[in-house]
Protein chains: 2
Amino acid sequence: MNSDSYPSQILANAVREFAQLPGVGKKTALRLVLYLLKQEKNDVFRFADSLRKLREEIVYCKSCYNISDTEVCQICASPKRDHSTVCVVENIKDVMAVENTQQYFGIYHVLGGVISPMDGIGPDDITVNPLLEKVKAGQIKELIFALPTTMEGDTTNFYLYRKFSDTNIKITTLARGVSIGDELEYTDEVTLGRSLINRLPFEKTL
Amino acid sequence: MNSDSYPSQILANAVREFAQLPGVGKKTALRLVLYLLKQEKNDVFRFADSLRKLREEIVYCKSCYNISDTEVCQICASPKRDHSTVCVVENIKDVMAVENTQQYFGIYHVLGGVISPMDGIGPDDITVNPLLEKVKAGQIKELIFALPTTMEGDTTNFYLYRKFSDTNIKITTLARGVSIGDELEYTDEVTLGRSLINRLPFEKTL
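Quick caveat: nothing in here was measured; it's all calculated off a predicted structure.

Q: Honestly, the interface of chain A and chain B in this entry has me stumped. Any pointers?
A: Interfaces are often described in size by the accessible area the parts lose on coming together. The interface of chain A with chain B comprises 55 residues on the first partner and 54 residues on the second. Here chain A meets chain B over a buried area of about 5,500 Å², counting both sides, of which 69% is carbon and sulfur. Of all residues in chain A, I10, R55 and M96 of chain A give up the largest surface area on contact with chain B, accounting jointly for 13% of the area buried on that side. Linking chain A with chain B are 4 salt bridges, by the criterion used here. For the salt bridge of R46 of chain B with E17 of chain A, the shortest nitrogen-to-oxygen distance reads 2.6 Å. Joining chain A to chain B, the criterion identifies 13 residue pairs in polar contact (both at pLDDT 80 or more). Elements with a contribution of two residues or more to the side of chain A that touches chain B: α1 (9-19), α2 (26-37), α3 (41-57), β2 (67-68) and α5 (92-101) of chain A. Ranked by the residues each element gives to the side of chain A that touches chain B, the list is headed by α3 of chain A, at 16 residues. Among the residues forming the side of chain A that touches chain B, the class breakdown is 28 nonpolar, 12 polar and 15 charged.

In structure tokens form, the structure reads like this:
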């Protein structure tokens, strides 16, 4: 679509802003903008304000680096959570995924990425040092590595593992295996192999 | 996804705003919001401002009802356009589509909808009366109906046609036929039939 044919510069600006979002093309952007144009003024203003606030007021928790409305996030501030168990994740979405299980009662540490020499991301570019210091402080008994099963994730796992090998902290990682509901014939061989090696006493699954 | 698991209320608000857009679900909304969170502050503020401006400053051209930054839109205000030919379209996107052809030099009239008794949309709910008055003013020589080929579009065409049948205005409609590049075997029979009935002298297509 020729951008010259937008009937209004203000419209063209709004379309351009939407179109820079990932996965949003010019046609979709135009559709969204025309939708907003038909909404109540206050609704659109509330939308605009929510964006402004998002960037202005959200902070990163100074303890776990999760995003938060307050200096220390709700999870880190909660006395109900087990502060001796730390789940190490790559990003905020992973925190949300683990929280959604309602099976985890420890705290988190958000690395904000994984070590990736190819992309020029080293340990200093992610929050590895704050984790080291947190561990040094001595309260932590177990670190759960919940990083992606990619080469970068494995590199990061290994790097962290080595850093903590001289401490007496328990280091665990998420169990990998056949998903519940998945059929064996469609499971990739690495996952199925891992499921066999790490097989469990049947009583444990009851 | 459980909304309780958003780590921040401000984040949850922004996600909710995005998720009310058509075709945007909660997961997509979260992806977009996390993307914006990583952008420069000024970029996000510019985005927010563009939305506010969109709803605050865009007006409808008082002549053709196209959206515009000014009281009268650029097309209606242009002395280069043929003000005796009016292309009647349903909405703003149609204006943009016709403009993109670069084959039309008249002006437009945006109805803002089509007559649809099923949806309770009558002639008074769209800009039919302003069109009647524009025609009465006497400058217009040709009306081109470029409405959708739906029952509602046809109803609107017919309604308008009857309104203007006692004037000596030329009333035309878009040619319907096999698209350029389309294969006959995949063309629906109504379109192909119309193409045959309205066949043209070969010289005209040269």
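Back to the text.
Q: Got a minute to help me understand the layout of surface pockets in this structure?
A: Over the atoms a probe the size of a water molecule is rolled, and this reveals where empty space is left. Residues and elements named next belong to chain A. Here the largest pocket defines a volume of roughly 860 Å³. Along the walls of the largest pocket sit 30 residues, with L174, A175, R176, G177 and R194 positioned nearest its centre. For the lining of the largest pocket, the secondary-structure elements that each account for two or more residues are α7 (151-163), β6 (170-173) and α8 (189-197). Per-element tally for the lining of the largest pocket: the top contributor is α8, with 6 residues.

Q: Before we go on, may I ask you to explain the sheet that holds strand β4 (residues 106-110) of chain B in this structure?
A: Strands pair in a sheet through their backbones, by hydrogen bonds, and they do so in one of two ways: parallel or antiparallel. All names here are of chain B. Here we have 4 strands laid out as an open sheet, ordered β4-β3-β5-β6, and parallel in their pairing. The strands lining the two open edges of the sheet, one partner per strand, are β4 and β6 (170-173). Ignoring strand direction, the axes of neighbouring strands in this sheet form an average angle of 25°. Taken strand by strand, helix α5 (residues 92-101) contacts β3 (82-89) and β4, and its axis lies near 160° from that of β4. Its contacts with the sheet place helix α6 (residues 128-136) against β3, β4 and β5 (142-145), and it is angled at close to 145° to β4.

Q: How do you make sense of the packing of aromatic side chains when you look at a structure like this?
A: Centre distance and the angle of the planes are the two values used to describe a pair of aromatic rings. This model, assessed by the stated rule, comprises 4 aromatic pairs over all chains. Ring centres of F18 of chain A and F47 of chain B lie 5.0 Å apart, and the angle between their planes is 80°; on these two criteria the pair is classed as edge-to-face. You can see F18 of chain A sitting in helix α1 and its partner F47 of chain B sitting in helix α3 (residues 41-57), one on each of two chains. With respect to class, F18 of chain A is no different from F47 of chain B; both count as buried. We note R52 of chain A situated over the ring of F45 of chain B; from NZ or CZ to the ring centre the distance is 4.3 Å.

Q: So what exactly am I meant to see when it comes to the relation of the copies chain A and chain B here?
A: One copy of the chain maps onto the other through a rotation about an axis plus a displacement along that axis. Laying chain A over chain B is done by rotating through 180° and shifting 0.0 Å along the axis; what remains is an RMSD of 0.0 Å. What the superposition gives is, in effect, a two-fold axis relating one chain to the other. When each C-alpha of chain A is compared by its distance to the rotation axis, A48 of chain A comes out closest, at 2.2 Å. Comparing interface residues between copies, 98% of those in chain A also lie at the interface in chain B; the contact surface is shared.

Each value, and the rule that gives it
Residues numbered from 1 in each chain as written. Chains lettered and ligands numbered in written order. Predicted model: local features only at pLDDT ≥ 70, side-chain atom pairs only at ≥ 80, totals over all residues. Heavy atoms only, no water. Contact = heavy atoms within 4.5 Å. Buried area = accessible area lost by both parts, 1.4 Å probe. Salt bridge = Lys/Arg side-chain N within 4 Å of Asp/Glu carboxyl O. Polar contact = N/O pair within 3.5 Å; in protein donor to acceptor, adjacent residues only side chain to side chain. Helix = DSSP H or I, 4+ residues; strand = E, 2+ residues; numbered from the N terminus. Nonpolar A, V, L, I, M, F, W, Y, C, P; charged D, E, K, R; others polar. 1 Å grid on protein atoms, 1.4 Å probe; cavity = no way out; pocket = protein on both sides within 12 Å on 5 of 7 lines; lining within 4 Å. Points joined across faces, edges and corners; volume = space filled by probe spheres on them. Pairing = 2+ DSSP bridges. Axes fitted to C-alpha atoms, helices over the stretch in contact; angles between N-to-C directions. Phe/Tyr/Trp six-rings, centres within 6.5 Å; stacked < 30°, edge-to-face > 60°. Buried < 20%, exposed > 50% of the residue type's maximum accessible area, 1.4 Å probe, protein only. Lys NZ or Arg CZ within 6 Å of the ring centre and 35° of its normal. Least-squares fit on C-alpha atoms with pLDDT ≥ 70 in both.

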